[in-house]
Amino acid sequence: GVLAIAAALLGAGQVTAIDNDPQALAATRSNARRNAVGVTCAAPGAELPGADLILANILAGPLMELRDMLCGAAAVGGMVVLSGIKPEQGEAMLAAYGQVLVDLQTTERDGWLRIVGRKPA
């Protein structure tokens, strides 16, 4: 929810927040109203339009489980940004996401890893 609201506040045209926790989605709706931004909330499995940018800040385990959904929600040429990854998990994440994304790049900061990739044509 925080990433979705921040994206909307920074000018993203259409923002969808996905979470498997109904309370998190309710909190996101409430916080979006408080911040006067439009954010659509959905549970995993919802039909999603191809997005130019996917942001996911959760731990490596859920990121692995959600790989196909996250990458499937990206438009062709869309960027997927993953964070919440410990450096020692980076190799496994790169191997898994490298099967569906190209141009993978990693950045490490304060003991956390970010991976960015692009959905190929």
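Residues numbered from 1 in each chain as written. Predicted model: local features only at pLDDT ≥ 70, side-chain atom pairs only at ≥ 80, totals over all residues. Heavy atoms only, no water.

A.B. asks: Would you mind showing me how to read the pattern of salt bridges here?
C.D. replies: Close approach of charged atoms allows side chains with opposite charge to pair. This model, assessed by the stated rule, comprises 3 salt bridges. Of the charged contacts in the structure, one is a salt bridge between Arg 118 and Asp 103, with a shortest N-O distance of 2.6 Å. Of this pair, Arg 118 sits in strand β6 (residues 112-118) while Asp 103 sits in strand β5 (residues 102-109), placing them 15 residues apart in sequence. The partner of Arg 109 in a salt bridge is Asp 110, with the nearest N and O atoms 3.9 Å apart. Overall, the relative accessible area of 70% leaves Asp 110 in the exposed class. (Salt bridge = Lys/Arg side-chain N within 4 Å of Asp/Glu carboxyl O. Helix = DSSP H or I, 4+ residues; strand = E, 2+ residues; numbered from the N terminus. Buried < 20%, exposed > 50% of the residue type's maximum accessible area, 1.4 Å probe, protein only.)

A.B. asks: Explain the layout of surface pockets here, please?
C.D. replies: A water-sized probe rolled over the atoms picks out the places where empty space is left. For the largest pocket, the calculated volume is near 1,200 Å³. Taken together, 38 residues line the largest pocket, and the ones lying closest to its centre are Thr 16, Ala 17, Ile 18, Leu 55 and Ala 56. At the level of elements, α1 (2-9), β1 (16-18), α2 (22-34), β3 (51-57), α3 (60-65), α4 (67-72) and β4 (74-85) are the ones that each hand at least two residues to the lining of the largest pocket. Class assignment for the residues of the lining of the largest pocket results in 25 nonpolar, 9 polar and 4 charged. (1 Å grid on protein atoms, 1.4 Å probe; cavity = no way out; pocket = protein on both sides within 12 Å on 5 of 7 lines; lining within 4 Å. Points joined across faces, edges and corners; volume = space filled by probe spheres on them. Nonpolar A, V, L, I, M, F, W, Y, C, P; charged D, E, K, R; others polar.)

A.B. asks: Help me out: how do you make sense of the sheet that holds β4 in this one?
C.D. replies: For sheets, the rule is that strands pair by backbone hydrogen bonds, running either parallel or antiparallel. Spatially, 4 strands are ordered β3-β4-β6-β5 in an open sheet, and the strand pairing comes out mixed. Each edge of the open sheet is held by one strand with a lone partner, namely β3 and β5. The mean angle between the axes of side-by-side strands here comes to 10°, regardless of whether they run parallel or antiparallel. Note: β5 against β6, 6 bridges, orientation antiparallel. By the bridge assignment, Glu 108 is partnered in β6 with Leu 113. (Pairing = 2+ DSSP bridges. Axes fitted to C-alpha atoms, helices over the stretch in contact; angles between N-to-C directions.)

A.B. asks: Looking at this model, I keep getting lost on the nonpolar core. Mind explaining?
C.D. replies: As a rule of thumb, nonpolar side chains are buried together in soluble globular proteins. Core analysis: the largest hydrophobic core is formed by 17 residues, its most contacted members being Leu 63, Leu 70, Leu 82, Ile 85, Met 93 and Tyr 97. Elements that contribute at least two residues to this core include exactly β3, α3, α4, β4, α5 (90-97) and β6. When residues in this core are grouped by element, the largest group, 4 residues, is from β4. Excluding anything up to four places from it in sequence, Ile 85 contacts Leu 63, Gly 90, Met 93, Trp 112, Leu 113 and Ile 115. Membership of the second largest hydrophobic core comes to 10 residues, among which are Ile 5, Ala 8, Ala 17 and Val 37. (Core = buried A, V, L, I, M, F, W, Y, C linked by side-chain atoms within 4.5 Å. Contact = heavy atoms within 4.5 Å.)

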